[in-house]
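# A structural walkthrough
One letter stands for each residue in the lines below.
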Amino acid sequence: MSYNQLINPKSIVIVGASDNILKPGGSVLHNIINGTFEKELYIVNSKGGIIQGIKAYTKVEDIPQADLAIISIPANQCIETVDYLANKKGVKAFIVFSAGFSEESEEGAIREKQLIEIVNKAGAIMIGPNCSGFFNTNHQSIFTRPIPSLDTNGVDIISSSGGTITYIIESAMRIGLRFNSAWSIGNAAQIGIEDILEYLDKEFDPETSPKIKLLYLEKISNPDRFLLHSSSLINKGCKIAAIKSGSSTSGSRAASSHTGAIASSDSAVEALFRKAGIIRCYSREELANVAAVLTLKKINGRNLAIITQAGGPAVILTDALSKGNIDVPELDKDLAAELKKHLLPGAAVSNPIDIIGTGTGEHMATCIDFCETYFKEINGIAVIYGNPGVSNVAEAYNMLDKKIKTSKLPIYPILPSVIAASEEMETFVKKGHVNFTDEYALANALSKVVSWTPPSVGKIEDISVDIPRIRTIISNSADGYIDSETVKQLFDAAGIPQVQEIVTANRDEAIVFADKIGYPIVAKCVGPIHKSDVGGVVLNIHSANHLSIEFDRLMKITDTTAVMVQPMLSGQELFIGAKYEPTYGHIVLCGLGGIFVEILKDVASGLAPLSFDEASSMVQSLKAYKIIKGTRGQKGLNEKLFVEIIVRLSIMLRFAPEIKEMDINPLLANEERVIAVDARIRIEK
């Protein structure tokens with residue numbers, strides 16, 4: 001199967017062409033005629049005549065040989081038409097707009113299967129059905145509009161949804177993005193996301209191929225294949241940003257009704273993207289803004305200078321950057337005093353640098369040069385410049401154009417006057433630039449880009465985990481939740497620090513252990529899954545008499561088989577969990593314990609086995625990361641050990657697929673230690 005006839009066809013036939021550009025067959029003809037395709041174009045319409053200036057054939061039997069066929073006819077006519085074109089007219093590439101296949105009914109699914117069989121047997125390639133088409137710099141065989149600015153160095157986009165790809169392109173055009181290709185795959189009956197990624201991966205040339213890929217996904221059919229080719233592209237120098245919809249229950253239902261998609265859990269998607277090195281986005285605007293950041297020079301650090309013509313937007317930007325862990329460092333006082341000599345009275349120069357509303361393009365350029373030459377801490381510059389009615393915007397934007405092209409640092413233009421300076425803005429964008437228009441959107445996109453971590457596919461860290469012992473323990477265990485002693489053995493094999501404990505049904509044995517380790521201690525019933533719900537956890541036991549009373553009470557709780565006794569430790573509660581997802585493998589979860597897991601849902605996920613970089617990015621992505629790092633005078637937790645434990649557990653899971661669920665809640669942590677206090681593991685062989 002070759003993509004050549006799709007990518008660069010020498011001839012195209014449109015079956016179902018129309019004069020009505022509000023119909024897919026008319027709209028695609030309009031786009032092709034007014035686009036870049038200059039080779040042989042044939043159209044078929046049962047009424048014949050002249051359609052949009054081109055003579056129409058009344059039936060497919062009359063057309064010459066063709067490379068690419070665009071099908072825009074009722075679904076019940078597609079089988080016969082595609083069969084004839086593939087076997088009699090040499091067509092090796094099909095784009096099928098027609099709906100009424102697997103997305104609609106069981107009868108449609110049967111029809112779709114027949115269509116695939118015909119195409120596969122002919123050695124042809126097919127996009128669709130139920131898609132909006134394909135375009136690149138060679139031809140624009142898509143029925144939606146507008147067609148963006150085309151550039152062989154532009155963005156490649158792949159989408160499960162025809163409408164969504166159009167709206168993403170519109171969002172991207174508004175901020176100045178250019179496109180190399182767009183793939184609307186619809187039902188993806190033959191060619192899906194993984195196939196296109198494989199093609200782009202195999203054909204990738206580091207010198208000439210576009211470096212930015214955007215994805216809108218409603219299903220991931222083959223996570224392993226998706227991971228292989230997306231991470232390979234990224235390792236070759238690409239950046240990939242993606243939206244995965246349908247991860248919630250309601251979203252899954254909506255996606256299923258749209259293209260027959262099957263949802264993956266949100267944690268599985270996050271884990272897969274993290275391992276592949278994909279930047280995850282949640283909206284069309286966010287995806288477009290991330291892509292715009294990626295088109296600019298790479299930022300090597302987290303310090304930004306802000307040059308602004310208005311104070312308010314600079315404050316909004318500074319706050320938004322702070323949320324994304326990007327700093328706006330203060331300019332040295334002596335340097336600030338020197339810079340102020342070159343600006344208008346009233347200018348503020350601490351950073352943000354406010355050149356005030358009457359500041360000119362020259363003032364802006366002076367600040368850019370000054371920052372680049374003297375402000376050594378900064379890694380990039382954001383420029384906010386609009387049209388308050390008292391400055392020459394065209395002159396300023398011409399100056400900004402020159403500085404972006406010559407500066408060694410990335411410069412992020414925020415040109416907010418979308419009405420008052422629309423002409424000047426359009427001229428600026430046509431020179432090859434992007435424009436973020438909104439400072440919060442830039443901050444959000446930039447924070448995602450600077451937080452990016454590289455792919456870690458197939459990487460297992462070289463640390464001591466006793467795999468043979470783990471396999472022996474698993475092999476000797478029965479299905480279900482394993483006992484605490486077996487959990488302890490597994491954690492010993494994996495190198496997980498654990499609290500001292502005893503599990504016993506003998507009260508005297510428990511008291512002897514408590515006397516040995518010292519009071520206060522904790523006692524927990526063994527057997528019930530949710531101990532707290534049945535009153536099965538007792539804290540702050542201070543004496544043997546107190547323990548004796550509580551021991552007897554705990555043993556009377558339904559399903560209790562023994563009592564666990566542990567020292568009463570203090571520290572911040574942390575959480576690590578895992579669940580096995582079919583086709584994905586183990587999804588490892590981490591976060592703060594207690595309320596942060598159960599109510600605030602502040603949890604990050606990764607796909608086992610995890611590298612140290614992956615585990616670190618998981619921890620640092622938590623909303624509560626500042627607690628782990630240390631804030632407001634409080635000491636931070638032992639982040640390095642927390643990360644190591646996550647990695648060790650992920651390696652254990654990689655070699656124990658029988659483990660279907662695992663929770664360590666809590667781990668207790670302080671600045672010196674992180675220790676597992678309670679855990680449960682479920683095995684299913």
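Fair warning: this is a prediction, and the values are worked out from it, not measured in the lab. (Residues numbered from 1 in each chain as written. Predicted model: local features only at pLDDT ≥ 70, side-chain atom pairs only at ≥ 80, totals over all residues. Heavy atoms only, no water.)

## Here's the deal with the overall build of the chain
Each helix and strand counted, the chain has 24 helices and 29 strands in total. For the C-alpha atoms alone, the extent of the chain along its principal axes is close to 100 × 75 × 40 Å. The burial tally for the chain puts 56% of its 685 residues in the buried class. Long-range pairs, those at least 24 residues apart, make up 70% of the contacts in the chain between residues at least 6 apart in sequence. If you sum the accessible surface of the chain, you get close to 29100 Å²; carbon and sulfur atoms cover 49% of it. (Helix = DSSP H or I, 4+ residues; strand = E, 2+ residues; numbered from the N terminus. Buried < 20%, exposed > 50% of the residue type's maximum accessible area, 1.4 Å probe, protein only. Contact = heavy atoms within 4.5 Å. Areas by Shrake-Rupley, 256 points an atom, 1.4 Å probe, with all protein chains shown as cover.)

## Remarks on the nonpolar core
Membership of the largest hydrophobic core comes to 58 residues, with the highest contact counts inside it found for Leu6, Ile14, Ile158, Trp183 and Phe226. The dominant element in this core, judged by the number of residues it contributes, is helix 9 (residues 266-276), at 6 residues. Leave out the neighbours within four places in its chain, and Trp183 touches Tyr3, Leu6, Ile7, Ile127, Gly133, Phe134, Ile157, Ile158, Ser159, Ile165, Ile196 and Tyr199. (Core = buried A, V, L, I, M, F, W, Y, C linked by side-chain atoms within 4.5 Å.)

## Side note on the domain arrangement of the chain
As far as domains go, the chain holds domain 1 (1-142), domain 2 (148-295), domain 3 (300-451), domain 4 (500-568) and domain 5 (572-683). Here the C-alpha centroids of domain 2 and domain 4 sit 53 Å apart. (Domains from an automatic or database assignment.)

## Quick word on helix 9
Counting buried residues along helix 9, 10 of its 11 residues qualify, which places the element largely inside the surrounding structure. Restricting attention to buried positions, one finds in helix 9 the residues Ser267, Ala268, Val269, Glu270, Ala271, Leu272, Phe273, Arg274, Lys275 and Ala276. Of the residues flanking the end of helix 9, it is Gly277, one or two places downstream, whose phi is positive at about 90°.

## As for the sheet that holds strand 13 (residues 239-244)
Taken in spatial order, the 7 strands make up an open sheet running 9-8-11-10-12-13-14, and their pairing is mixed. Edge positions in the open sheet fall to strand 9 (140-142) and strand 14 (279-281), since each of these has one partner strand only. Mean inter-strand twist for the sheet, computed between neighbouring axes without regard to direction, equals 20°. The pairing of strand 13 with strand 14 spans 3 bridges and is parallel. Paired with Ile243 across the strands is Cys281, a residue of strand 14. (Pairing = 2+ DSSP bridges. Axes fitted to C-alpha atoms, helices over the stretch in contact; angles between N-to-C directions.)

## Considerations on the sheet that holds strand 23 (residues 562-567)
By way of backbone hydrogen bonds, the strands of a sheet pair with one another, either parallel or antiparallel. One open sheet accounts for 4 strands, arranged 20-23-21-22; its pairing is antiparallel. Sheet topology places strand 20 (502-504) and strand 22 (537-541) at the edges, where each strand pairs with a single neighbour. In this sheet, adjacent strand axes meet at a mean angle of 20° when their direction is disregarded. By the bridge criterion, 3 bridges tie strand 21 (residues 521-526) to strand 22 in an arrangement that is antiparallel. Bridge pairing links Ile521 to Ile541 in strand 22.

## Focus on the UniProt feature "domain: ATP-grasp" (unreviewed entry) in the chain
The sites that carry the UniProt feature "domain: ATP-grasp" (unreviewed entry) are, in the present numbering, residues 488-524. Along residues 488-524, the helical share is 49% and the strand share 19%, with 16 Å between the first and last C-alpha atoms. (UniProt positions renumbered as here; feature names shortened; annotations may be inferred.)

## Quick look at the side chain of Lys275
Tracing the backbone through its elements, the reader meets Lys275 in helix 9. Reaching out from Lys275, the side chain makes a polar contact with the backbone oxygen of Leu607 at a distance of 3.1 Å. Residue contacts for Lys275: discarding those within four places in its chain leaves Leu227, Pro455, Ser456, Val457, Leu607, Ala608, Pro609, Leu610 and Glu614. (Polar contact = N/O pair within 3.5 Å; in protein donor to acceptor, adjacent residues only side chain to side chain.)

## Thoughts on a nonpolar patch on the surface
Together, Ile595, Ile599 and Leu600 make up a nonpolar patch on the protein surface, roughly 310 Å² of accessible area in all. Mapped onto the secondary structure, Ile595 falls in helix 21 (residues 595-598). What makes Ile595 partly exposed here is its relative accessible area of 48%. (Patch = residues over 30% accessible without salt bridge, like charges linked within 9 Å, V, L, I, M, F, W, Y side chains within 5 Å. Salt bridge = Lys/Arg side-chain N within 4 Å of Asp/Glu carboxyl O.)

## Let's talk about the packing of aromatic side chains
All chains considered together, the criterion is met by 11 aromatic pairs. Each member of the aromatic cluster is reached from another via a ring pair, and the members are Tyr3, Phe134, Trp183 and Tyr199. Between the NZ or CZ atom of Lys239 and the centre of the ring of Trp452, over which it lies, the distance is 4.4 Å. Directly above the aromatic system of Tyr580 lies the positively charged group of Lys660, at a separation of 4.0 Å from the ring centroid. (Phe/Tyr/Trp six-rings, centres within 6.5 Å; stacked < 30°, edge-to-face > 60°. Lys NZ or Arg CZ within 6 Å of the ring centre and 35° of its normal.)

## Thoughts on a negative patch on the surface
Together, Glu61, Asp62, Glu80 and Asp83 line one region of the surface with negative charge. Structurally, the position occupied by Glu61 is in the loop between strand 4 (54-57) and strand 5 (68-71). A relative accessible area of 39% places Glu61 in the partly exposed class. (Lys, Arg positive; Asp, Glu negative; His and termini not counted. Charge placed at Lys NZ, Arg CZ, Asp CG, Glu CD.)

## A short note on helix 18 (residues 484-494)
Turning to helix 18, its buried residues are Ser484, Thr486, Val487, Leu490, Phe491, Ala493 and Ala494. Of the residues flanking the end of helix 18, it is Gly495, one or two places downstream, whose phi is positive at about 80°.

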